[in-house]
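Each chain, written out:
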Amino acid sequence: MTSGADLRERFAAALMPNYGVPPLALTLGRGCEVYDADGRQYLDLIAGIAVSTLGHGHPALVKAVAHQAATLAHTSNLFVNERAVQLAERLVGLVGGDAKVFFANSGTEANEAALKLVKRAAGPDRRTFVAATAGFHGRTFGALALTGKESIREPFGPYGMDVRFVPHGDIDALTEAVDETCVAVFTEPTQGEAGVVPAPEGYLAAVRSLCDETGAAFVLDEIQSGIGRTGRWFAHQAEDVRPDVLTLAKGLGGGLPIGACVGFGRYADAFGKGDHGSTFGGNPVACAASLAVLDTIESEGLLAHTAVMGDLLAEQLDAVDHPLLAGQRGSGLWRALVLTGPHAAHVQEQAAARGFLVNAVAPGTIRLAPPLVITPEQIGVFIEALPTVLDAAEAAATKENQS
Ligand code: PLP
């Protein structure tokens, strides 16, 4: 078998350096466990960045993908395929009706579709977009223009788009920014890439009413928060607020690439024929995977399970007393460990050394987004090891500072 070191070396030689060279090469996944190229086992507490909803190798997903690949793997959008129709119908049911779906292949593409959709609906006179400081909507040009994090956005500008950024959750700043010149407000319910930062309760309702007052569209990016991650199908259902456009990806495919842009009301039919498209969007294999994900979430009661496991994880994290841990935040199985210093990279490394995959999402923040099928026992194993991981991270940080 090829070793991890060998794979990393070949990665560095053959792939562009935009990701650096990832520290581990993964070769196998079973449930919440993954294995690296050298046979080491890890508890997966990040699930491919909130993607592997059902864990790895779930029989329902494997069966659906294998069956669809053997039946008809691709049609393009020149032809109707039943899986895309079924999945769109399912999503419309889950969001509460009066909606239609466009399928893309990733989160950023779902947001590109949303951008074009709201621009189409707004007409030529509205030009301004409102988005959140520290927000993240993807790496393609339109989604990047709306991405608040300057270090990601600025090197690639200018974008030819007028975007006003407001602090996430700041209703006064939002009220100042949204007016009749606005095409849309783009927001996440909780900012994932910023470190699982929720907006205060009532923020989504404020976005809704400002959009109603000014005629701007409310686009809610649930690419990371959607499909059960918070213990509900969609995070916004906690507040009973309906956006005009909802974007989804990540957990929707359970590991297969798919994105969706859902338009409600007049946004359901805002695209005319020929306005947008994607060769792979709605691909039958990706849609079959997604249907298996939705079916399994239902049949295994994973929304309730996520809520219960999320509470358990939060409770047990709150009980960890360590000088490096300031606290935790988040909802469902989507949590941030807030550190007392900028040592997240060390925590990630020391966790991996002890068999846990976590994500240093920001210098002082660790993100956890495990598969929704995680068990209380698995959570317990991680919590038991956490103080040792934090001790080792602190020691590594001290050593680094001294050298
Ligand atoms: N929107 C949000 C909220 C995300 O978290 C991400 C990815 O992290 C994206 C959009 C972009 O998704 P993708 O990487 O699939 O293009």
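Residues numbered from 1 in each chain as written. Predicted model: local features only at pLDDT ≥ 70, side-chain atom pairs only at ≥ 80, totals over all residues. Heavy atoms only, no water.

Peer 1: Go over helix H3 (residues 59-71) with me, naming the residues and quoting the values.
Peer 2: Taking 1.5 Å as the rise per residue, H3 with 13 residues should run 18 Å; its terminal C-alpha atoms sit 18 Å apart, in good agreement. Among all positions in H3, only Leu61, Ala64, Val65 and Gln68 are buried. Taken around the axis of H3, the buried residues stretch over an arc of 95°, which confines them to a single face. Looking at H3, the residues exposed on the side facing more than 90 degrees away from the buried face are Pro59, Lys63, His67 and Ala70. Against helix H4 (82-95) and helix H10 (284-299) lie the buried residues of H3. (Helix = DSSP H or I, 4+ residues; strand = E, 2+ residues; numbered from the N terminus. Expected span 1.5 Å × (residues − 1). Buried < 20%, exposed > 50% of the residue type's maximum accessible area, 1.4 Å probe, protein only. Arc of directions from axis to C-beta. Contact = heavy atoms within 4.5 Å.)

Peer 1: I'd like a description of the domain arrangement of the protein, backed by residues and values.
Peer 2: By a widespread convention, an interface's size corresponds to the accessible area lost as its parts come together. We note that the domain assignment places domain 1 (4-58 + 301-402) and domain 2 (60-299) within the protein. Contact with domain 1, which involves 27 residues of that partner, is made by 29 residues of domain 2. Interface area for domain 1 against domain 2, summed over the two sides, is near 2300 Å², with a carbon-plus-sulfur share of 61%. Looking only at domain 1, the three residues that lose the most surface to domain 2 are His58, Leu303 and Trp334, adding up to 31% of its buried area. There are one salt bridge connecting domain 1 and domain 2. Counting only elements with at least two residues in the side of domain 1 that touches domain 2, the list comes to helix H2 (47-50), helix H11 (302-318), strand S13 (325-331), strand S14 (334-339) and strand S17 (365-368). In terms of residues, the side of domain 1 that touches domain 2 owes the most to one element, H11, which gives four residues. (Domains from an automatic or database assignment. Buried area = accessible area lost by both parts, 1.4 Å probe. Salt bridge = Lys/Arg side-chain N within 4 Å of Asp/Glu carboxyl O.)

Peer 1: Give a detailed account of the environment of His137, specifying residues and quantitative values.
Peer 2: Along the chain, His137 falls in the loop between strand S5 (128-133) and helix H6 (141-145). Judged by its relative accessible area of 3%, His137 falls in the buried class. In sequence terms His137 and Gln224 are 87 residues apart; their C-alpha atoms lie 9.9 Å from each other.

Peer 1: Pulling in residues and values, what's your account of the nonpolar core?
Peer 2: Generally speaking, nonpolar side chains in soluble globular proteins are found buried as a group. Of all hydrophobic cores here, the largest spans 82 residues; its most connected members are Phe103, Leu174, Leu248, Ile297, Leu368 and Phe382. Looking at this core, the element that brings in the most residues is H10, giving ten residues. Counting contributing residues, this core receives three or more from each of domain 1 (4-58 + 301-402) and domain 2 (60-299). If near-sequence neighbours (up to four positions away) are discounted, Leu248 is found in contact with Leu91, Ala110, Glu222, Ile223, Gly226, Ile227, Phe234, Gly259, Ala260 and Val262. (Core = buried A, V, L, I, M, F, W, Y, C linked by side-chain atoms within 4.5 Å.)

Peer 1: Any details on the sheet that holds strand S3 (residues 41-44)? Residues and values, ideally.
Peer 2: Pairing is mixed in the open sheet, where four strands are placed in the order S1-S2-S3-S15. Edge positions in the open sheet fall to strand S1 (26-30) and strand S15 (356-357), since each of these has one partner strand only. Where S1 lies against strand S2 (residues 33-36), four bridges are found, and the strand directions are antiparallel. In the sheet register, Leu26 faces S2, and the bridge partner there is Asp36. (Pairing = 2+ DSSP bridges.)

Peer 1: For the sheet that holds strand S7 (residues 182-187), give the residues involved together with the corresponding values.
Peer 2: For sheets, the rule is that strands pair by backbone hydrogen bonds, running either parallel or antiparallel. The strand order across the open sheet built from seven strands is S4-S12-S11-S10-S7-S5-S6, with neighbouring strands paired in mixed fashion. With partners counted over all chains shown, the strands left at the sheet margins are strand S4 (99-104) and strand S6 (162-167), one partner each. Pairwise comparison of adjacent strand axes, ignoring direction, gives a mean angle of 20° for this sheet. On top of the sheet, H4 reaches S4, strand S11 (245-248) and strand S12 (259-264); it is set at about 130° to S4, its chief contact. Strands S4, S5, S7, strand S10 (217-221), S11 and S12 of the sheet are contacted by helix H5 (residues 107-122), whose axis makes an angle of about 155° with S7. (Axes fitted to C-alpha atoms, helices over the stretch in contact; angles between N-to-C directions.)

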